[in-house]
Amino acid sequence: MTSMTALTSGRYRRGELHEFEAAGQPFMYLVSAGAIFALDEGANAVLRKLGQVDMSHAELAQALRDAGYDRADAEELIRELLFVQGIVSDAVRPAVAPSPATPPADFPLQALVLNVTNQCNLACTYCYEFGADKIATPQGKPKFMTPETAKASVDFLLEKSAGHQAVHITFFGGETLMNFKLLREVVLYARGRAEAQGRTIGFSLTTNATLLTDEIIAFLSEHEIGVTVSMDGPPDLQDKHRVYKSGKGSYAVIEPRLRKLIAQHRTRAITARVTLTDGVTDVIRIYRHLKDDLGFHEVGFAPVTNSGDRDYMIGDGAMDEVLAQFHELAAEWLEHALRGEMHGFSNVSETIGELIQGVNKSHPCGAGLGLLGVSPSGDLSPCHRFTDADTHTLGHIATGIDADKREDFLSRGHVSAKYECQTCWARPLCAGGCHHEAFVRYGDTGHANLHYCDWIREWTDACLRIYGAVSVQNPDFLERFAARKGLS
Ligand code: SF4
Ligand code: SF4
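Residues numbered from 1 in each chain as written. Chains lettered and ligands numbered in written order. Predicted model: local features only at pLDDT ≥ 70, side-chain atom pairs only at ≥ 80, totals over all residues. Heavy atoms only, no water.

**Topic: the overall build of the chain**
What counts is decided by this rule: Going along the chain from the N terminus, every DSSP run of H or I of four or more residues is numbered as a helix, and every run of E of two or more is numbered as a strand. Atoms counted for the radius of gyration: C-alpha only. Globule rule: 2.2 Å times the number of residues to the power 0.38. Per-residue accessibility, obtained with a 1.4 Å probe over protein chains only, is compared with the maximum for each type, and a residue is labelled buried under 20%, exposed over 50%, and partly exposed between these values. Two residues form a contact once any of their heavy atoms are found within 4.5 Å.
A count of helical and extended segments in the chain gives 17 helices and 16 strands. Taking 2.2 N^0.38 as the reference for a compact globule, 488 residues should give roughly 23 Å; the C-alpha atoms of the chain span a radius of gyration of 24 Å, in line with that estimate. When the 488 residues of the chain are sorted by exposure, 53% land in the buried category. Considering only intrachain contacts with a sequence separation of at least 6, the fraction spanning at least 24 residues in the chain is 72%.

**A closer look at the side chain of Ser375**
Selection criterion: N or O atoms within 3.5 Å of each other form a polar contact, as long as, within protein, one can give a hydrogen and the other can take it, and as long as residues adjacent in sequence are counted only when both atoms are side-chain atoms.
Positionally, Ser375 belongs in the loop between strand E13 (371-374) and strand E14 (380-381). A residue is classified by how much of its surface remains accessible, and Ser375, at 0% relative accessible area, is buried. Of the polar contacts made by the side chain of Ser375, one reaches the side chain of Ser377; its length is 2.8 Å. Filtering out sequence-adjacent residues up to four positions away, Ser375 remains in contact with Asn115, Met145, Thr387 and Asp388.

**Quick word on unusual backbone geometry**
Of the consecutive residues Gly173 and Gly174, the connecting peptide bond is found in the cis state with omega at 25°. Locating Gly174 in the fold gives a position in the loop between strand E8 (166-172) and helix H6 (180-196). Phi at Ala23 takes a positive value of approximately 50°, unusual for a residue other than glycine. Turning to its location among the elements, Ala23 is positioned in the loop between strand E2 (17-22) and strand E3 (25-30). The class for Ala23 is partly exposed, based on a relative accessible area of 40%.

What follows is the structure, given as structure tokens:
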């Protein structure tokens, strides 16, 4: 409880926040807490004044009374704003932790990404498995994961996640379905092991869809396995980079398979993940094709990971065009939400989900925390993108996690270790961006992804406005959205 003397003796200034407006109402996004508050007229006026000058308690209380508050309400608002750090005083210690704490070293594992093979039947020109950005694959490592390694991985996950009722395995490649035999064996084994412990285990996989068969689709549906298809859009765009080693495009092969997958796999959402590259930036046309023509439930977009000098990289002008199209789809997302309908643009859905949860990240993602990647050889890595890179090995499935290496990875990746992020209002959600992208771009997993900052801040602001508008005009939708996405 803050003492009256402390309250009245200090100088007040604005806390670290990002102001925005939605549905005609002012809001603040509090950086210290990663929380959103709607501002009434008085609080808004005071924050504006505090943005220009520091104030004593008496001046602040007077400004609130001028804005229509009685004495008791003004004091109450000052306490509330102090508590959430919308304002700060040099005489009052903040009640909320000023920066996100690192989870303890024994933070339980919740998910594994199994790279069941590092082989692929396509040779996409931008792929980090084959492209010039690929972290070198050491010689002599297996190309396919064995059942022994996979089962040891399942046992490892169940042991290291003790206390978590539900855990998750994602299958990844190379092309995951080149090792479907193993995938099937792992699902059955893991289900049995989890059930014997009275726990649940979920599964998902990423695939290029070229090897989907009726049998595989039936298995994926029966076992409620979430599917993400890496693809880039209609034939002219898909076949630009997503090609066989002969150079032949893959659209004609995957199209009938996708139609079957979407028609017959009814137990989980089917998502498309699009990699944006030079010439593949027509976001709206791609979205319409994947969502409306093919029937994907969700479509998400990400610019290609690259070191900054590849010819498939998107130029600045094209990136602005991408963002403009993102805004157009975001406006559509909002219209749907106000009508109470879900929209499939997952770049908005994911950020809205994080805003609902009030995330305040110490690290950009779960890599090395609740999530680890396992390579075909059983090496552990922070996530699937680092597998088979000896420089980033965090242990082995047989010997466990190398605590020192993991600690080093996590301390370098902590948001508080990234100088530029300390003054950035978007850090509760961004936390410096993908560790792998940072390594490819800057040679250091702990480097902030500075090439995307403007983009990240503009996009975060757009999503805050959507959240604010829905919270004012159709608040029930946010509750339904959270329930549907399984957000706590
Ligand atoms: S990487 Fe850039 S956008 Fe992200 S938190 Fe750091 S400074 Fe902000
Ligand atoms: S490090 Fe990058 S690729 Fe790996 S889980 Fe995090 S965000 Fe994803």
